[in-house]
Each structure stands twice: as structure tokens, then as C-alpha cells.
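Below, each chain spelled out in residue letters.
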Amino acid sequence: MPYYHTPDFTPHWVESSASMDTIHQLKKFVFKNQANQWVDSDSLWGKIHVANFFFTACPSLCPRTMGNMKELQRAFRNDKGVKLLSFSVLPERDSVAVLRAYAQQHQIEASKWELLTGNRKDMYETARRSYFADENLGIRKGENDFLHTENVILVDKNLRIRGIYNGTLPLEINQLVEDIKTLKLE
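As a starting point, this report considers the structure included with it. (Residues numbered from 1 in each chain as written. Predicted model: local features only at pLDDT ≥ 70, side-chain atom pairs only at ≥ 80, totals over all residues. Heavy atoms only, no water.)

### Details of the packing of aromatic side chains
Then comes step 1: According to the stated counting rule, one finds eight aromatic pairs in the structure shown.
Then comes step 2: Aromatic pair phenylalanine 29 and tyrosine 131: ring centres 6.5 Å apart, planes at 45 degrees, arrangement tilted. Within this pair, whereas phenylalanine 29 is found in the loop between strand E2 (11–12) and strand E3 (30–32), its partner tyrosine 131 is found in the loop between helix H3 (120–130) and strand E8 (151–155), the two being separated by 102 residues in sequence. Across this residue pair, the class does not change: phenylalanine 29 and tyrosine 131 are buried.
Then comes step 3: With centroids separated by 5.6 Å and ring planes inclined at 45 degrees, the aromatic side chains of phenylalanine 54 and tyrosine 102 adopt a geometry described as tilted. Of this pair, phenylalanine 54 sits in strand E5 (residues 48–54) while tyrosine 102 sits in helix H2 (residues 96–105), and the two are 48 residues apart along the sequence.
Then comes step 4: With a relative accessible area of 0%, phenylalanine 54 lands in the buried category.
Then comes step 5: For tyrosine 102, a relative accessible area of 10% translates into the label buried.
Then comes step 6: Here a set of aromatic residues connected by ring pairs shows up, and it is made of Phe29, Phe31, Phe53, Phe87 and Tyr131. (Phe/Tyr/Trp six-rings, centres within 6.5 Å; stacked < 30°, edge-to-face > 60°. Helix = DSSP H or I, 4+ residues; strand = E, 2+ residues; numbered from the N terminus. Buried < 20%, exposed > 50% of the residue type's maximum accessible area, 1.4 Å probe, protein only.)

This is the structure in C-alpha cells:
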């Protein structure tokens, strides 16, 4: 599987371990989850994770994407090596209490899937600079531009981006499941 090193999601194939130093890695982050616990990027080392960006009151993309994330929860329910993260893009509205209620309403299992909130600036910085979420072919958006995307991002055990998928399409989620299985063999 390729690595994704730039916001335009051009795939990069790595042929030697020496060139791994040049491949983009997620930056450190710390946010609170629906159980009011701190979650940081360091806790993801050694685990494959899937990330998406949503807000609880979204009437369009988010319900379909979150429904497909629920399929991932079901597929990897008993696999401790796979984690799901959903970052709120409206953290000023999506407090811990709101995320907890949303998780209960949608049967989100906290041990598998964490809904994250925190400082908006930090959230957007993480989304755009680490996960390359909501980038349009390398065109960076400003800090005040709203982040709304159907992108679901696959990240390997070493915090490197390995895939991007349209989270509203079941066919893409099926491919994501297969790609996670492939990553588990690495």
C-alpha cells in the first residue's frame, strides 16, 4: 500500500527503510472524548486507526459517513489493533456531554470509537496539517474556513497516512475494510 505524504494525496511508494524518514507522520494532538477522557496521538502508536471529521448536528454528509463508520465498528469490534476516531469540526457546540449523548444514541462503543472535541484552532490544525482533511488538491484553506468533508483517512501503526476514502459510499468503506486487513499483515 502507498503512503500519502502531501495534501494532494499523491501516492508514494517507499522502497527502502531509509526513505521512511521523509514520509509525513501525524503531529502530536490531545483532545477529550465522549467519556471526558484525554486522548492523544501517542496512544495510537502500534494501532491502525481510521479518522473522520464531523459535527453532531450535520444534516448532510455526516450521517452517511458516521453510518459507514459504524460498519467499521462492527467489522473490527473485537480487534484491539484497530481504532476509530471522529473529530468534531464544531467543538464549541459539540461538548463532551453532546458527544456522549450522540454516542449513546448511535450505539458508539467508546472502547473502539472515540468522538473527540477540544479547542477549535487545534482541531482544525490537526485536521488540515496532520490528516490533510478538507484540502482541495493542495490548496490550503484558512483557519476560519469551515471544515466539512466526507473524507475518511486510514492511518497505519506508525501514524502515517495510507489511504483516503469517500466515507459516504459503502463501496469505498468495503475497500477500506480490505485495506485495513492488508495493513494488519505489514
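### Here's the deal with the state of the cysteines
Then comes step 1: Under the defined criterion, the tally for this structure stands at zero disulfides.
Then comes step 2: Counting only cysteine sulfurs, cysteine 62 is the nearest neighbor of cysteine 58, a cysteine outside any disulfide, at a range of 3.1 Å.
Then comes step 3: By relative accessible area, which is 3% here, cysteine 62 ends up buried. (Disulfide = S-S within 2.5 Å.)

### Concerning the sheet that holds E5
Consider a sheet: its strands pair through backbone hydrogen bonds, and that pairing is either parallel or antiparallel.
Then comes step 1: The mixed open sheet is built from five strands, whose spatial order is E7-E6-E5-E8-E9. In this open sheet, the two strands that pair with only one neighbour each are strand E7 (113–116) and strand E9 (161–166). Across the sheet, the mean angle from the axis of one strand to that of its neighbour is 20 degrees, orientation sign disregarded.
Then comes step 2: Each of E5, strand E6 (82–88), E8 and E9 touches helix H4 (residues 170–184); the most contacted strand, E9, lies at about 165 degrees to it. (Pairing = 2+ DSSP bridges. Axes fitted to C-alpha atoms, helices over the stretch in contact; angles between N-to-C directions. Contact = heavy atoms within 4.5 Å.)

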